Amino acid sequence: MKKLVVFLSLVLVSAFILAACATPTPVATTAAPASETTAAPTTAEATTAPAKQYTVALVYGVQGDAFYITMQKGAQEKADELGINLVADGPSKWDASVQTPIIDAMIAKKVDALIAVPNDPNAMIAPLQRAYDAGIPVITTDQYIGDGNYTDGSVTFPLSVIASDNFEGGKIACEALIKDMDGKGKLYILVSTANVPSDVARRDGCKAAIDEYPDVELVGVDYTESSAPIATNQTQAVLQKYKDLNAIFGGNLFSAQGAAAAVKSAGLSGVVKIASFDAPQQAIDDLKNNVIDMVIAQQPALIGATAVQYAYDALTGNTSEIEKKVSTPFVVITRDNVDTPEAQAAIYKSN
Ligand code: T6T
């Protein structure tokens, strides 16, 4: 465990350094936001039209997920700062056919810009293209469409993709687990689906870490459909089959939550190590109770805020500083730093 602590301290430091370097500099804006135009107009100004209040839509990934609740909060805070009217909605389940009518409704509402977490990298191209064709700037967060290369890839109309470096996050998590296993033993991966770019990248990042250790066996990869009960059942089956399982990478909030429940009910807390990708309060409680050993917090609020800033920049003609791809940093939380202000600030909000 000592090794894990030392390693994680290094990771945390680099995560914070990364945060300092990679956080996009707030883009200078040229137009005054509507909320700031409160001074009484002079006679000469009285005839000029008031500044337009923009409406920006956020169509998040799925309802009831603390990650997206936190993203919406960050977006709302930035919208309030810029005088933007933010409208947010998302599907009741992770499904492109449920998300598509929500996008179409935003187009019908004639929103000024659209921020979306596409539920499928291919199926969501056409709905987002409809928004773009209607003159609505499109930004994607957390996920991408096409191959994610909006500069010269298969789809280039979105202005930007703002997301975590998921491959790197998966690698960080599994390197830490493997160090704690003294470089040998059995590891199991759970992620949401095989068709979600974020989780596929985390799985691949974890596999890349495993590849560096010939004595580490990957006993399996399961897809949880982002359901904690499914993840619990899958983990129980793996615990039955591999009595000497050493570690689990829970590649998203519900996958990790389900894995933790299974390990707890099998009485294996602290024996089977768990890394949770995502930082809801439950994961923090499990960390403190020795069920989970490491929590990789993404920064959904920063993702949401950056997207709203970019939407505003696009609408006010300040496009020069918009980056096609923004990678937001992680905060790695362990029992050693969980009570620090940085770690506490990184915990997701659930309402
Ligand atoms: O891990 C996040 C998100 O990044 C991922 O794309 C889907 O799952 C979450 O929303 C957590 O449930």
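Residues numbered from 1 in each chain as written. Predicted model: local features only at pLDDT ≥ 70, side-chain atom pairs only at ≥ 80, totals over all residues.

(A) Layout of the confidence of the model for the chain. In this model, the chain carries an average pLDDT of 89, and 86% of its residues clear a pLDDT of 70 or more. When the criterion is pLDDT under 50, residues 1-46 qualifies, and its contacts beyond four places in sequence or with other chains add up to 60 contacts. (pLDDT = per-residue confidence, 0-100. Contact = placed C-beta atoms within 7 Å.)

(B) Region of the structure containing the site of the ligand. Among the 14 residues in the neighbourhood of the ligand, the closest are listed as D65, F67, S198, N252 and L253. Taken together, the residues of the shell around the ligand sort by class into four nonpolar, seven polar and three charged. Each of domain 1 (55-163 + 299-328) and domain 2 (166-278) gives at least three residues to the shell around the ligand. (Near = placed C-beta within 6 Å. Nonpolar A, V, L, I, M, F, W, Y, C, P; charged D, E, K, R; others polar. Domains from an automatic or database assignment.)

(C) Geometry of the nonpolar core. Counting 102 residues, the largest nonpolar core has V56, L114, A173, V308 and A311 as its most contacted members. Counting residues domain by domain, this core receives three or more from each of domain 1 (55-163 + 299-328) and domain 2 (166-278). If near-sequence neighbours (up to four positions away) are discounted, L114 is found in contact with A57, V59, M106, A131, I136 and V138. (Core = buried A, V, L, I, M, F, W, Y, C linked by C-beta atoms within 7 Å. Buried ≥ 20, exposed ≤ 12 C-beta atoms within 10 Å, placed from the backbone.)

(D) Fine view of the sheet that holds strand 8 (residues 247-250). If you trace the six strands from one edge of the open sheet to the other, you get 7-6-8-9-10-12, paired in mixed fashion. Looking at strand neighbours, the two that pair on one side only are strand 7 (216-223) and strand 12 (331-333), the edges of this open sheet. With direction set aside, neighbouring strand axes in the sheet form an average angle of 15 degrees. As defined by bridge partners, strand 8 adjoins strand 9 (residues 273-277) across four bridges and the pair is classed as parallel. Bridging from a neighbouring strand, G250 pairs with S276 of strand 9. Contacting strand 6 (185-191), strand 7 and strand 8, helix 7 (residues 228-241) crosses the sheet at an angle of about 160 degrees to strand 6. (Pairing = 2+ DSSP bridges. Helix = DSSP H or I, 4+ residues; strand = E, 2+ residues; numbered from the N terminus. Axes fitted to C-alpha atoms, helices over the stretch in contact; angles between N-to-C directions.)

(E) Highlighting the packing of helix 5 (residues 166-180) against helix 6 (residues 197-211). At a closest axis distance of 6 Å, the pairing of helix 5 and helix 6 adopts a crossing angle of 40 degrees. As judged from the angle between their axes, helix 5 and helix 6 are oblique. Judged by the twist between their axes, the crossing of helix 5 over helix 6 is right-handed. Between helix 5, through N166, F167, E168, G169, G170, K171, A173, C174, E175 and I178, and helix 6, the contact on the second element is made entirely by S198, A201, R202, R203, D204, G205, C206, A208, A209 and I210. (Parallel < 35°, antiparallel > 145°, perpendicular 65-115°, else oblique. Left-handed = near helix turned anticlockwise from the far one by under 90°.)

(F) Representation of the packing of helix 3 (residues 96-108) against helix 4 (residues 125-133). Contact geometry for helix 3 and helix 4: axes closest at 9 Å, N-to-C directions at 5 degrees. With respect to each other, helix 3 and helix 4 are oriented roughly parallel. Here T100, I103, D104 and I107 of helix 3 come into contact with helix 4, specifically with P127, L128, R130 and A131. Class assignment for the residues of the contact of helix 3 with helix 4 results in five nonpolar, one polar and two charged.

(G) Structural context of unusual backbone geometry. Residues other than glycine seldom take positive phi values, yet D142 does so here, at roughly 70 degrees. Along the chain, D142 falls in the loop between strand 4 (138-141) and strand 5 (160-164).

(H) View of helix 7. Given a rise of 1.5 Å per residue, 14 residues ought to cover 20 Å, and the 20 Å separating the end C-alpha atoms of helix 7 matches this to within 8%. For helix 7, the secondary structure elements touched by its buried residues are strand 6, strand 7, strand 8 and helix 8 (253-265). (Expected span 1.5 Å × (residues − 1).)

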